[in-house]
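Observations on the three-dimensional arrangement
One-letter residues, chain by chain:
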Amino acid sequence: MLSYDELTSPERELWDGFPEGRCVDLRTGVPEDDRVAGGGRWGPERTVRAAVIVALLLGANTTQPGAVAGLRLAGARISGRLNLAGARIAYALWLEDCWFEESVDLLGASTQTLVITGSHVPGIEAYSACVEGTLDLRRSVVQSLASSPFNHVRTALSLSDARVTGGMLLNGTEISAPGGWAVAAGGLVMEGGVTCRGGFVARGEVRLLGAQLPGGLFMQGAQLVSPGPRGTALALDNAVASTLDFSDGFTANGTTRLRGARISDNVTFAGAVLNGPPDGTSPSLAAPLMQAVDFDFTLAQPPSGSVDLRGAQVSNLHDGDHVWPDVVELDGFVYGSIKVSKDGERREAVGRRDSVAGRVAWVRRSPGYNPQPYEQLASWYRRAGHNDDARRVLLAKQRHRRRTLPWVARMWGNLLDATVGYGYRPWLAGVWLLALTLLGTLSFGAHSPSPVKQGEGAPFQPLVYTLDLLIPIGGLGQRTAWYWPNDGLQWLAYLLIAFGWMLTTAVIAGVTRALQKN
């Protein structure tokens, strides 16, 4: 137990000011001398032992009636380890522009509002801690812990399974654990928002696996400089949040993972840069099974790696012409609408002449053949009232599928495509019928056939004769009444009969396929 006589001058000032929450400011007012980066050179006049801070927070100095006790300290060098593991702290802790010799240990602690701003801290361990208020680390530099019993990878800020009833402020904070975990906050429960704006920088992976963020995560302009051990810059797998804002220059040099994340409002990457991991083998964005209302993917530039949206569900997708990478995993991706910005407003991305071609090209960025992305796109066009565009998409689906079939099936597919467009362009059959009728009429009309039986049958009519050859069902009495002594014309008649059967079969097969699937 510390006695008052053992305290140094700055420690006594802190001790005396604690009962009434008075701030003790040890800064000199000279910018060069007050730079926190040089805090290791501060002398005894600016040094406070961590043990003194611990003693005060645990009730070593009684509170003063009529005042709110609290520890407020600025511009101090804090020697020793601030060990509050398991403590139940009833007072707020405010530390500004301080330099810590060793890490801060809040393992399993319960504390009031915790503010460590503009400071240099060699790691914060707050596994399973409870903060009744705000956790404020603005403008601080937090470096990796020498070791952590709960993280097998070196970590700078450990908040796994912690609970914060207020918000967490990381604006301007620099958290460094290169090759490790800058933030390990799996299972974190936040009742307020998490803000990482204003120059937030992380070196190492930011892990928020399964975190509950009802107040949202705001990382506008944040810089995730380097990934963790597996190439991941940000991991929000299975997180639950109201909003995820990665806009206004947000940059991730590594994979951004949102697998199974559930967002009740919007996810935005407007103006973001997703570089993906340096090795180029992992995706820039991995968001399979993600659920969100609005998904804004209007990036500043196309991602360097692939995008995985398999099984994701969003109500509204916002994108642009040049935001998707060469590979986009879309199998199982469900969306209610696609919108683009036009004249400062977001509108349904339909009606443009190149709309269907661009969207089909987008679907084909998905590796291999999967029918669902085509059917989903066609469904959206139908809901938007563009049935013709929907049919174009479904025709593109059949053409893509044809590439995966054996050569015999491909030949049959080519016939269906050329004659009736797989049933989505039945008017092509009319074009073929008109062309073949014209060919037969002109060819047969220039010559005279021989009757099968002299003096019997209707007079020869080239048009009716041609139609009789092309229509395989029924008869008009011309085909059986006349024949051609000219072998060339007789072979033309045979070919027209064959074309008639193929055309009829293709029409029936194509229309049946279209009706069954749509």
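Residues numbered from 1 in each chain as written. Predicted model: local features only at pLDDT ≥ 70, side-chain atom pairs only at ≥ 80, totals over all residues. Heavy atoms only, no water.

**Let's talk about the overall build of the protein chain**
On a plain count of helices and strands, the protein chain comes out with nine helices and 40 strands. Here the protein chain holds 518 residues, and the buried ones make up 51% of them. (Helix = DSSP H or I, 4+ residues; strand = E, 2+ residues; numbered from the N terminus. Buried < 20%, exposed > 50% of the residue type's maximum accessible area, 1.4 Å probe, protein only.)

**Quick notes on helix α1 (residues 9–17)**
All of the buried residues along α1 are P10, E11, L14, W15 and G17. Against the buried residues of α1 lie β1 (23–25), β2 (47–49), α2 (50–57) and β3 (70–74). (Contact = heavy atoms within 4.5 Å.)

**Topic: the packing of aromatic side chains**
Here the distance between the centres and the angle between the planes together describe a pair of aromatic rings. Inspection of every chain in the model, using the stated rule, returns twelve aromatic pairs. Taken together, a centroid distance of 5.0 Å and an interplanar angle of 45° make the contact between F246 and F250 tilted. Note on accessibility: F246 and F250 belong to one class, buried. Members of the aromatic cluster, connected to one another through ring pairs, are F246, F250, F269, F295, F297, W324, F333, Y335 and W362. Taking the ring centre of W94 as reference, the NZ or CZ of R72 above it sits at 4.8 Å. Lying across the ring of W362, R359 places its NZ or CZ 5.5 Å from the centre. (Phe/Tyr/Trp six-rings, centres within 6.5 Å; stacked < 30°, edge-to-face > 60°. Lys NZ or Arg CZ within 6 Å of the ring centre and 35° of its normal.)

**Some words on the pattern of salt bridges**
This model, assessed by the stated rule, comprises 19 salt bridges. Residue K397 pairs with E375 through a salt bridge whose shortest N-O separation is 3.2 Å. Placement of the pair is K397 in helix α5 (residues 387–402) and E375 in helix α4 (residues 371–383), with a sequence separation of 22 residues. Taking relative accessible area as the criterion, K397 reaches 3% and is therefore assigned buried. Within this structure, D25, R27, E96 and D97 form a network of salt bridges that share partners. (Salt bridge = Lys/Arg side-chain N within 4 Å of Asp/Glu carboxyl O.)

**Overview of the nonpolar core**
Grouped together as the largest cluster of nonpolar side chains are 119 residues, with contacts concentrated most on L73 and F269. For this core, the leading source of residues is α2, giving six residues. Leave out the neighbours within four places in its chain, and F269 touches F246, T256, L258, L274, L285, F295, D296, F297, T298 and L299. (Core = buried A, V, L, I, M, F, W, Y, C linked by side-chain atoms within 4.5 Å.)

**Some details on the side chain of D319**
Here D319 is to be found in the loop between β35 (313–318) and β36 (328–329). Owing to a relative accessible area of 3%, D319 belongs among the buried residues under this scheme. One polar contact links D319 to W324, side chain to side chain, over a distance of 3.0 Å. Of note is the side chain of D319, whose polar atom sits 2.8 Å from the side chain of R359. Setting aside anything within four residues of it in sequence, one finds D319 in contact with F297, T298, W324, I338, K339, V340 and R359. (Polar contact = N/O pair within 3.5 Å; in protein donor to acceptor, adjacent residues only side chain to side chain.)

**Considering a nonpolar patch on the surface**
Taken together, the side chains of W407, V408 and M411 make up a nonpolar region of the molecular surface, amounting to roughly 360 Å² of accessible area. With respect to the secondary-structure elements, V408 resides in helix α6 (residues 407–420). (Patch = residues over 30% accessible without salt bridge, like charges linked within 9 Å, V, L, I, M, F, W, Y side chains within 5 Å. Areas by Shrake-Rupley, 256 points an atom, 1.4 Å probe, with all protein chains shown as cover.)

**What about the environment of V452?**
Take V452: it is sitting in the loop between β39 (450–451) and α8 (462–470). Take V452: its relative accessible area is 47%, and that puts it in the partly exposed class.

**With respect to the environment of W42**
Examined against the element boundaries, W42 turns out to sit in the loop between β1 and β2. Residue W42 is classed as buried on the basis of its relative accessible area, which comes to 7%. The residues contacting W42, other than those within four sequence positions of it, are D33, D34, R35, V36, T47, G75, A76, R77, D97 and W99. At a separation of 3.0 Å, a polar atom in the side chain of W42 contacts the main-chain carbonyl oxygen of D33.

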